[in-house]
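Residues per chain, in single letters:
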Amino acid sequence: SEDFDSLTKFAELKLNIGVGNFTIKDTTNLLIEVKHDNDNANYSMTAKEEDSLTRIDLSLEKGEFNNGNVRNNVNLKLNPNPIWDLDLNVGAAEVNFDLSGFKTRNLKIQGGASDIDLKIGAAVPLTDVKLEAGAASIMIRIPESAGCEIISNTFMASKDFKGFTKIGKQKYQTPNFSKSTNKIMIDLQAGV
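Below is a short write-up of the structure. Computed from a predicted model, the values in this text were never measured in an experiment. (Residues numbered from 1 in each chain as written. Predicted model: local features only at pLDDT ≥ 70, side-chain atom pairs only at ≥ 80, totals over all residues. Heavy atoms only, no water.)

**Some words on the overall build of the chain**
Thought 1: Assigned secondary structure in the chain consists of zero helices and 14 strands.
Thought 2: Beginning at the N terminus, the succession of helices and strands in the chain can be written as β-β-β-β-β-β-β-β-β-β-β-β-β-β.
Thought 3: Computed over its C-alpha atoms, the radius of gyration of the chain comes to 17 Å, within 12% of the 16 Å expected for a compact globule of 192 residues.
Thought 4: Projecting the C-alpha coordinates of the chain onto the three principal axes gives extents of approximately 50 × 45 × 25 Å.
Thought 5: Sequence-distant contacts, at least 24 apart, represent 57% of the contacts inside the chain between residues at least 6 apart.
Thought 6: Across the chain, the 22 positively charged side chains and the 26 negatively charged ones have centroids separated by 8 Å. (Helix = DSSP H or I, 4+ residues; strand = E, 2+ residues; numbered from the N terminus. Rg over C-alpha atoms; globule rule 2.2 N^0.38 Å. Contact = heavy atoms within 4.5 Å. Lys, Arg positive; Asp, Glu negative; His and termini not counted. Charge placed at Lys NZ, Arg CZ, Asp CG, Glu CD.)

So, in structure tokens, the structure goes:
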């Protein structure tokens, strides 16, 4: 865990783990809390403060998995006060993030064979989401009040953007996009 300093207005989390199930949904009075259930995993977390920004790097230095059976459930709790930038590099992963209670400015997820379930809030004027995945299943939920644009660059993928209108070859928008105060921009790149 890392303590919360009231001078921290912005927080950046870089996660580089690779394999496992990752969850964010609960808040904490600390800046961040991380719990995992793999006793054979060696995690490293560093935090650097630069004026009103705190940068956190969380990585799995070494992990042992029994005969290919992955047991690496990671539960992260974040403080709801700072504006967050999340940069996550996960491989074969299940990602379940409810970010509706957080001020998320940037969210970048790079995953391989991933199952990604996101719920995004609209607590800041612009939320920028970038998803890069290989063979993936991706579900993204956004508030109806937010204007949203999706740029979808997918290869062999089926897609269903409920509530969106296709306005270009790879571009989709909600009907309220131009009039909404808070906007969510989604850049989706997926293989299968």
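**Points about the pattern of salt bridges**
Any two side chains of opposite charge can pair, given that their charged atoms come close.
Thought 1: The final tally for this structure, using the stated rule, is five salt bridges.
Thought 2: Measuring nitrogen to oxygen at the nearest pair gives 3.1 Å for the salt bridge that ties D128 to K130.
Thought 3: Classification of D128 as partly exposed rests on a relative accessible area of 24%.
Thought 4: Residues participating in the shared-partner salt-bridge network are E12, E50 and R55. (Salt bridge = Lys/Arg side-chain N within 4 Å of Asp/Glu carboxyl O. Buried < 20%, exposed > 50% of the residue type's maximum accessible area, 1.4 Å probe, protein only.)

**Focus on the packing of aromatic side chains**
Thought 1: Per the stated rule, a full pass over the model turns up two aromatic pairs.
Thought 2: Plain terms: the ring middles of F161 and F164 are 6.3 Å apart, the flat faces sit at 65° to each other, and that makes the pair edge-to-face. The exposure classification of F161 matches that of F164, with both residues buried.
Thought 3: Taking the centre distance of 4.7 Å and the plane angle of 70° together, the rings of F161 and Y172 count as edge-to-face. In this pair, F161 is assigned in the loop between β11 (147-154) and β12 (165-166) and Y172 in strand β13 (residues 171-173), connecting sequence segments eleven residues apart. As far as burial versus exposure is concerned, F161 and Y172 are alike and both buried.
Thought 4: Ring pairs connect the aromatic residues F161, F164 and Y172, which therefore count as one cluster.
Thought 5: For the cation-ring pair, K183 lies above F177, with the distance from its terminal atom to the ring centre recorded as 5.4 Å. (Phe/Tyr/Trp six-rings, centres within 6.5 Å; stacked < 30°, edge-to-face > 60°. Lys NZ or Arg CZ within 6 Å of the ring centre and 35° of its normal.)

**Some words on unusual backbone geometry**
Thought 1: One non-glycine residue, D51, lies in the positive phi region at around 55°.
Thought 2: Of note, D51 is situated in the loop between β3 (42-50) and β4 (53-62).
Thought 3: A relative accessible area of 81% means that D51 is categorised as exposed.

**Remarks on the pairing of strand β5 (residues 73-78)**
Thought 1: Only one face of β5 is buried: it carries V74, L76 and L78, and the other face, with N73, N75 and K77, is open.
Thought 2: Relative to β5, strand β1 (residues 10-27) runs parallel, the two sharing five bridges. Looking at the pairing, I24 lines up with L76 of β5.
Thought 3: By the bridge criterion, five bridges tie strand β2 (residues 32-36) to β5 in an arrangement that is antiparallel. Residue pairing for β5: I32 is matched across the bridge by L78. (Pairing = 2+ DSSP bridges.)

**Observations regarding the layout of surface pockets**
Thought 1: When its volume is computed, the largest pocket comes out at roughly 700 Å³.
Thought 2: I140, I150, D160, F161 and K162 are the residues nearest the centre of the largest pocket, which is lined by 27 residues in total.
Thought 3: Elements with a minimum of two residues in the lining of the largest pocket: β10 (136-141), β11 and β14 (183-190).
Thought 4: With six residues, β10 is the largest single contributor of residues to the lining of the largest pocket.
Thought 5: Looking at the lining of the largest pocket residue by residue, the classes come out as 16 nonpolar, six polar and five charged. (1 Å grid on protein atoms, 1.4 Å probe; cavity = no way out; pocket = protein on both sides within 12 Å on 5 of 7 lines; lining within 4 Å. Points joined across faces, edges and corners; volume = space filled by probe spheres on them. Nonpolar A, V, L, I, M, F, W, Y, C, P; charged D, E, K, R; others polar.)

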